[in-house]
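Remarks on the overall topology
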2 protein chains.
Amino acid sequence: MDKYMYFDYMLNSKSVAIIGASSNPEKIGYIIMKNFVSSGFNGELYPVNIKEEGEILGYKAYKSVLDIKKDIDLAVIAIPAQVVPSVLEECGKANVKSVIVISGGFSEVGNIDLQQKLVDISKEYNIPLLGPNCLGVMNQKERINTLFLPTFKMDTPKIGGVSFATQSGAVGSSVLDMIADEGFGLSKFISYGNAADLDECDILNYLGQDKDTKSVLFYLEGVRRGREFMEIATKVAKIKPIIAIKGGATSAGSQAAHSHTASLAGSYEAYVAMFKQTGIIQAKSLDELLDFAKIFEAEPLAKGNRVAIITNGGGTGVLASDAVYANGMIFPELNEESKAKLREAMPAIVNIRMPLDMAGDADEKRFGDALEIISNDSNVDAIIVICLFQTPGADSKVAEMLIRYNSMMKKPMVVVSAGGTYTKIHRSIMENSGVPVYPSPERAARALAMLINYSKFKNAKIEER
Amino acid sequence: MDKYMYFDYMLNSKSVAIIGASSNPEKIGYIIMKNFVSSGFNGELYPVNIKEEGEILGYKAYKSVLDIKKDIDLAVIAIPAQVVPSVLEECGKANVKSVIVISGGFSEVGNIDLQQKLVDISKEYNIPLLGPNCLGVMNQKERINTLFLPTFKMDTPKIGGVSFATQSGAVGSSVLDMIADEGFGLSKFISYGNAADLDECDILNYLGQDKDTKSVLFYLEGVRRGREFMEIATKVAKIKPIIAIKGGATSAGSQAAHSHTASLAGSYEAYVAMFKQTGIIQAKSLDELLDFAKIFEAEPLAKGNRVAIITNGGGTGVLASDAVYANGMIFPELNEESKAKLREAMPAIVNIRMPLDMAGDADEKRFGDALEIISNDSNVDAIIVICLFQTPGADSKVAEMLIRYNSMMKKPMVVVSAGGTYTKIHRSIMENSGVPVYPSPERAARALAMLINYSKFKNAKIEER
């Protein structure tokens, strides 16, 4: 079987057996079953529980996967660790196409032999296995969701182009929640835990080929097959951005990683070098991981590093100017025609220079005029718009104008809006309409610089061909 | 008059004349007047408007400040720039104790002579002047608020210990809004714009002496009297933390600053050196400014750099461990008694080591037990608690437990909660009860490291005496 197909059976599954499914709301198997039922999953669902009879959540219950006697693309296993090997063996005999082991209690707590049994069985039956000790997968488009977390505690991302693979379930669930909260969309989610069988290489290979995946996020602790990973990453990074955060950058973190997914973190310097060499974009914090993903989801690549700033607040414009230059970008020299048009469109007190400080009474007309003129200037590669909603001029009409220009422009644009309740409402309005909004000029500039660097990298790779 | 008194007349004013007060809701003078009236200010209010008669918002209107013939602590001037000098002269003749000029249109747009006139008149009458081109001041305790921004667009901070001085009104209003949004409290706000008369030195001198001010935030573009500022900062930093962000760190930013408040930004390196030498804490982004202010508002100083991590998420614990070591802190070696107690209190799968990964089903009991034991360990100087609310065990009972321990503990504690709607609700609950919560382990660790460094600095200064 082509390894690509492994994940296809999981993420585009037409028939799912949930082993450990239960009618008892306190069981993990109940939550997983419930999520499939309430998501409107329209494939076949087979709850399996050795102790239950009749129906589970309205579906016929089976004592064993062997009793189903139908094609099964995916078996999700959520039962005590000790009984997983025998159930996995049954999956093999039932010709199940792929398996996710949610259960923990393997190498991460020292049960190395028990985990090895899973590997042996999966090899014997040629059955691809994700986990154990993981959250499994999510594919909103196909309504596949094996997460056992209480749904009311987590926002669900809309369908989009970001795919996210993570060794840690905790980082996984909080990042998913933040992706949803910041209004950008998810394609695939893969939590791979102890990586007993399928590992980083398999996942990156799959997401690299997946057409719905526009960018790949990775939370990595250790990479088992370093050389293969580099080869795959080198190929994928030329096609789509890969953004990775490395857990275990220090020896303290690396020991923590080992006791948590039994991964060997290895030398941080080696990872940093590997990221650089392959073209993987390194996020140095959870904040950066989200900030970077957000801009790729929303914006096109840039042709260069000439960044215009439009602002309705002077001091924030100063900080943004600092951040532009500190991150290796520069101001454009607007062409004469743009300058003349701006001079006409702006009130007399506005200096026609960068940053363009349009003053606190700038309304949708002034923002629109500035964006129209500056976005069409051939000397401008990207735009940072600072819209402070505390000002008399800024309101939802301005937000609407920014949404309009963001969707029309073929250059990247980011928005900075710093503040409380009123600001956050408008930030959400814009984010939900595909505008990447940041709460500080420094974060916006850093994300934009990263996009510009990746654009340069990708263009160079295209020219090399 | 002692310079300290200048600000006292403004910030603790018992009688305020609002020159330019108006019945027309579109005028800045209307908004300022309205804010005083609706805040419940209980001093005397005198609206002054050469064109209006009778009453303004229920208060007797005066044609000139000279007609009032009562003691006036503060005159707030919001009228066109050209007529400010003559009105300021009237304030001098009426023996007004202090003046804030909100109006713009002075040196920031090249009208240097007009600004010089203000300086000359204020000197002639010995009348301290804040501004021009500023938002003025806020003191929630005394219900003093000269900001002309629409109140519905900005959250109002509660009363607290942070005082914030800013050259830029835009940075001022958005930071105020964020201070309110993040639930920590404000003492004084001073927006000083062009600093024609009162400047950074006067402000820092005042806030350094002000008993209600526990920490000082500064957004600085340029400092006019460098040597004096250093002397004052050196004194104040030993007593309370000063956190400053420098606008104009690059030549692009510095030019932007000049065209916005006419300030001369000067060499960034000189500022960085000055911050280090005096003990001013430098925030390198707006995010850091808020993050640092938040921890000082909520937490005591630390005795050392041994930081325990308690977590309900493995991967986030790994990232936090990295951030602890990357920021110059270390793990404590828990004493034997604590270890024995933890081994008894935690389930068998929990490794008694740092970070303490209590697993995803950790509830308020487990968080409480861990905090009780670890906060009492003499080898622990500070605690990072990671509480991911996506987990089955975390809910408002856990939040309540964290609030309880935060208020009881005499060591600094910070919380990390990353996520969307459900998480943000709990973040607010904790923040409003005085717990500093951060959305990522990296931001929490950086703020804590800064607190620990300042603690060390301050202790050294105390010993030097």
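Residues numbered from 1 in each chain as written. Chains lettered and ligands numbered in written order. Predicted model: local features only at pLDDT ≥ 70, side-chain atom pairs only at ≥ 80, totals over all residues. Heavy atoms only, no water.

1. As for the interface of chain A and chain B
Residue-level contacts link 68 residues of chain A with 68 residues of chain B. Where chain A touches chain B, the interface holds two salt bridges. A salt bridge links Asp181 of chain A to Lys424 of chain B; the nearest nitrogen and oxygen atoms lie 2.7 Å apart. The leading source of residues in the side of chain A that touches chain B is helix α11 (residues 314-326) of chain A, at nine residues. (Contact = heavy atoms within 4.5 Å. Salt bridge = Lys/Arg side-chain N within 4 Å of Asp/Glu carboxyl O. Helix = DSSP H or I, 4+ residues; strand = E, 2+ residues; numbered from the N terminus.)

2. Remarks on the pattern of salt bridges
Residues and elements named next belong to chain A. Enumeration according to the criterion identifies 36 salt bridges over all chains in this entry. Across the salt bridge formed by Lys339 and Glu336, the nearest N and O atoms sit 3.5 Å from each other. Taken together, the positions of Lys339 and Glu336, both in helix α12 (residues 336-345) and three residues apart, correspond to about one turn of that helix. Lys339 gets classed as buried once you look at its relative accessible area, which sits at 16%. The exposure class assigned to Glu336 is exposed, which follows from its relative accessible area of 58%. (Buried < 20%, exposed > 50% of the residue type's maximum accessible area, 1.4 Å probe, protein only.)

3. Describing the relation of the copies chain A and chain B
Laying chain A over chain B is done by rotating through 180° and shifting 0.0 Å along the axis; what remains is an RMSD of 0.0 Å. Those values place the two copies in the arrangement expected of a two-fold rotation axis. Identified as the residue of chain A closest to the rotation axis by C-alpha distance is Asp287 of chain A, at 5.5 Å. (Least-squares fit on C-alpha atoms with pLDDT ≥ 70 in both.)

4. A look at helix α15 (residues 421-432) of chain B
For α15 of chain B, spanning twelve residues, the distance from its first C-alpha to its last is 16 Å, which sits close to the expected 16 Å at 1.5 Å a residue. Along α15 of chain B, the positions that sit buried rather than exposed are Tyr422, Thr423, His426, Arg427, Met430 and Glu431 of chain B. On an axial view of α15 of chain B, the arc spanned by its buried residues comes to 165°, and they lie on one face. Those residues of α15 of chain B hidden inside the fold are in contact with α5 (169-181) of chain A together with α5 (169-181), α10 (286-298), α14 (396-408), β18 (413-416) and β19 (437-438) of chain B. Following α15 of chain B by one or two positions, Gly434 of chain B has its phi on the positive side, about 85°. (Expected span 1.5 Å × (residues − 1). Arc of directions from axis to C-beta.)

5. Quick look at the nonpolar core
Residue and element names in this part refer to chain B. By size, the foremost hydrophobic cluster in this structure holds 145 residues, and its most contacted members are Phe7, Ile190, Phe218, Leu356, Ile384, Leu402 and Leu448. Looking at this core element by element, the count peaks at ten residues for helix α16 (residues 441-464). In this structure, Leu356 is in contact with Ile309, Ile310, Thr311, Leu342, Met346, Val350, Asn351, Ala370 and Ile374, ignoring residues within four places of it in sequence. (Core = buried A, V, L, I, M, F, W, Y, C linked by side-chain atoms within 4.5 Å.)

6. A look at the side chain of Asp287 of chain B
Relative to the helices and strands, Asp287 of chain B is located in helix α10. Buried charge without a partner: Asp287 of chain B forms no salt bridge, and the closest opposite charge is Arg443 of chain A, 4.1 Å away. Reaching out from Asp287 of chain B, the side chain makes a polar contact with the side chain of Ser440 of chain A at a distance of 2.7 Å. Dropping the residues within four chain positions of it, Asp287 of chain B is found in contact with Ser440, Glu442 and Arg443 of chain A together with Arg443 of chain B. (Lys, Arg positive; Asp, Glu negative; His and termini not counted. Polar contact = N/O pair within 3.5 Å; in protein donor to acceptor, adjacent residues only side chain to side chain.)

7. Let's talk about unusual backbone geometry
Along the chain, Gly131 of chain A connects to Pro132 of chain A via a cis peptide bond; the corresponding omega equals -5°. Position of Pro132 of chain A among the secondary structure elements: in the loop between β7 (129-130) and β8 (136-139). Here the amide bond leading from Met354 of chain B into Pro355 of chain B is cis, since omega sits at -10°, within 30 degrees of zero. As for its position among the elements, Pro355 of chain B is in the loop between α12 (336-345) and β16 (356-357).

8. Considering the packing of aromatic side chains
Within this structure, the stated rule accounts for 24 aromatic pairs over all chains. For the ring pair Phe152 of chain A and Tyr422 of chain B, a centre distance of 5.5 Å and an interplane angle of 90° mean the geometry is edge-to-face. Note that Phe152 of chain A is positioned in the loop between β9 (144-145) and β10 (159-166) and Tyr422 of chain B in helix α15, a pairing that runs across two chains. Each ring, one from Tyr192 of chain B and one from Phe218 of chain B, has its centre 6.4 Å from the other, and the planes form 75°; the classification is edge-to-face. Highlighted residues: Tyr192 of chain B in the loop between β11 (186-191) and α6 (200-209) and Phe218 of chain B in strand β12 (residues 215-220), separated in sequence by 26 residues. As far as burial versus exposure is concerned, Tyr192 of chain B and Phe218 of chain B are alike and both buried. Three or more aromatic residues joined by ring pairs make a cluster, and in this case those are Phe152 of chain A together with Phe389 and Tyr422 of chain B. Against the face of Tyr62 of chain B rests Lys60 of chain B, its NZ or CZ located 4.3 Å from the ring centre. (Phe/Tyr/Trp six-rings, centres within 6.5 Å; stacked < 30°, edge-to-face > 60°. Lys NZ or Arg CZ within 6 Å of the ring centre and 35° of its normal.)

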